[in-house]
Amino acid sequence: MPYSIARSRDEAQLYLDLHPCACGSVDTDWDSGLASVEGELVTSYEGRCAACGAEREHLFGLPAREVTPTGFPTFGGAEPSELLDPGEWLWVADLTAGNAPMEGDRRQALSIARAAVEEVIKFVPPGQDEVPEDAFWSERGRAVRAAEPGRFRLDRLLVVRDTYRELAGA
């Protein structure tokens, strides 16, 4: 059975944060490690929901190439995500930048927003100028695109990415 690939620990953690327990809580202390499922090597995340006590488990496929962290955050390599679609990545960027404190962790929040926009850019095919409509598979992602499809044009994405980079001082 093929598993969606988590290209890095940061990407897996973000995915887990966006997929709460059935009770609605995301508060889970995850233990992770390699496991073999039906002969396939996977990364297993297991934990107990702090709110309701339910046992939780997510299994992710391994990337073809190990992604070496190059700073915080490192979501993945050059290939687009299999866990989050471009609309979800832009939603993460909007949410994170919109909640960036004026002091303290501001640089970290804006770095996450910049990295999330970079993930959206990976969905733009070479030679194209926007993310294609068929790249959106999640309900949230399709809703973000439907609300403002022009935000997925490459020129706009590059401006937003560069603005977050400047604001973060990176």
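Residues numbered from 1 in each chain as written. Predicted model: local features only at pLDDT ≥ 70, side-chain atom pairs only at ≥ 80, totals over all residues. Heavy atoms only, no water.

**Student:** Looking at this structure, how should I read the packing of helix α3 (residues 106-121) against helix α5 (residues 154-168)?
**Tutor:** A pair of packed helices is characterised by two quantities: the angle between their axes and the separation of those axes. Running from amino to carboxyl end, α3 crosses α5 at an angle of 160 degrees, the nearest separation of the two axes being 8 Å. Judged on the interaxial angle alone, α5 and α3 are roughly antiparallel. Between α3 and α5 the crossing geometry is left-handed. Each of R107, L110, S111, A113, R114, V117, E118, V120 and I121 in α3 lies in contact with α5, whose residues at this interface are L154, L157, L158, V160, R161, Y164, R165, L167 and A168. Taken together, the residues of the contact of α3 with α5 break down into twelve nonpolar, one polar and five charged. (Axes fitted to C-alpha atoms, helices over the stretch in contact; angles between N-to-C directions. Helix = DSSP H or I, 4+ residues; strand = E, 2+ residues; numbered from the N terminus. Parallel < 35°, antiparallel > 145°, perpendicular 65-115°, else oblique. Left-handed = near helix turned anticlockwise from the far one by under 90°. Contact = heavy atoms within 4.5 Å. Nonpolar A, V, L, I, M, F, W, Y, C, P; charged D, E, K, R; others polar.)

**Student:** It is not clear to me how the packing of aromatic side chains should be interpreted in this structure. Could you clarify?
**Tutor:** Any aromatic ring pair is given by two values, namely how distant the centres are and how the planes are angled relative to each other. Tallied over the entire structure, the rule returns five aromatic pairs. Ring geometry for Y15 versus F60: centroids 5.5 Å apart, planes at 85 degrees, classification edge-to-face. Remark: F60 occurs in strand β3 (residues 55-61) and Y15 occurs in helix α1 (residues 9-18); sequence separation between them is 45 residues. F60 carries the same exposure label as Y15, and that label is buried. Ring geometry for Y45 and F60: centres 5.6 Å apart, planes at 80 degrees, overall edge-to-face. In this pair, Y45 sits in strand β2 (residues 40-48) while F60 sits in strand β3, placing the two residues 15 residues apart along the sequence. Note on Y45: relative accessible area 4%, which makes it buried. Ring pairs connect the aromatic residues Y15, Y45 and F60, which therefore count as one cluster. Its guanidinium or amino end placed over the ring of W91, R140 lies 4.0 Å from that ring's centre, counting from NZ or CZ. (Phe/Tyr/Trp six-rings, centres within 6.5 Å; stacked < 30°, edge-to-face > 60°. Buried < 20%, exposed > 50% of the residue type's maximum accessible area, 1.4 Å probe, protein only. Lys NZ or Arg CZ within 6 Å of the ring centre and 35° of its normal.)

**Student:** What is the right way to look at unusual backbone geometry in this model?
**Tutor:** Peptide bonds are, in most cases, trans, and in most cases residues other than glycine have a negative phi. You will see that E38, though not glycine, has its phi angle at about 50 degrees, which is positive. Within the secondary structure, E38 is located in the loop between β1 (31-37) and β2.

**Student:** It is not clear to me how the environment of C21 should be interpreted in this structure. Could you clarify?
**Tutor:** The topology assignment puts C21 in the loop between α1 and β1. Overall, C21 belongs to the buried group, its relative accessible area being 9%. When the C-alpha atoms of C21 and R48 are compared, they prove to be 9.4 Å apart, with 27 residues separating the residues in sequence. Those residues in contact with C21 that sit more than four places away from it in its chain are C49, C52, A54 and R56.

**Student:** So what exactly am I meant to see when it comes to the nonpolar core here?
**Tutor:** In globular proteins that are soluble, nonpolar side chains generally tend to be buried together. Counting 37 residues, the largest nonpolar core has F60, W89, L90, V131 and L157 as the members making the most contacts within it. Elements represented by at least two residues in this core include exactly α1, α2 (86-98), α3 and α5. Looking at this core, the element that brings in the most residues is α3, giving nine residues. Beyond its immediate sequence surroundings of up to four residues, F60 is in contact with Y3, S4, A6, A12, Y15, L16, V42, T43, Y45 and L83. (Core = buried A, V, L, I, M, F, W, Y, C linked by side-chain atoms within 4.5 Å.)

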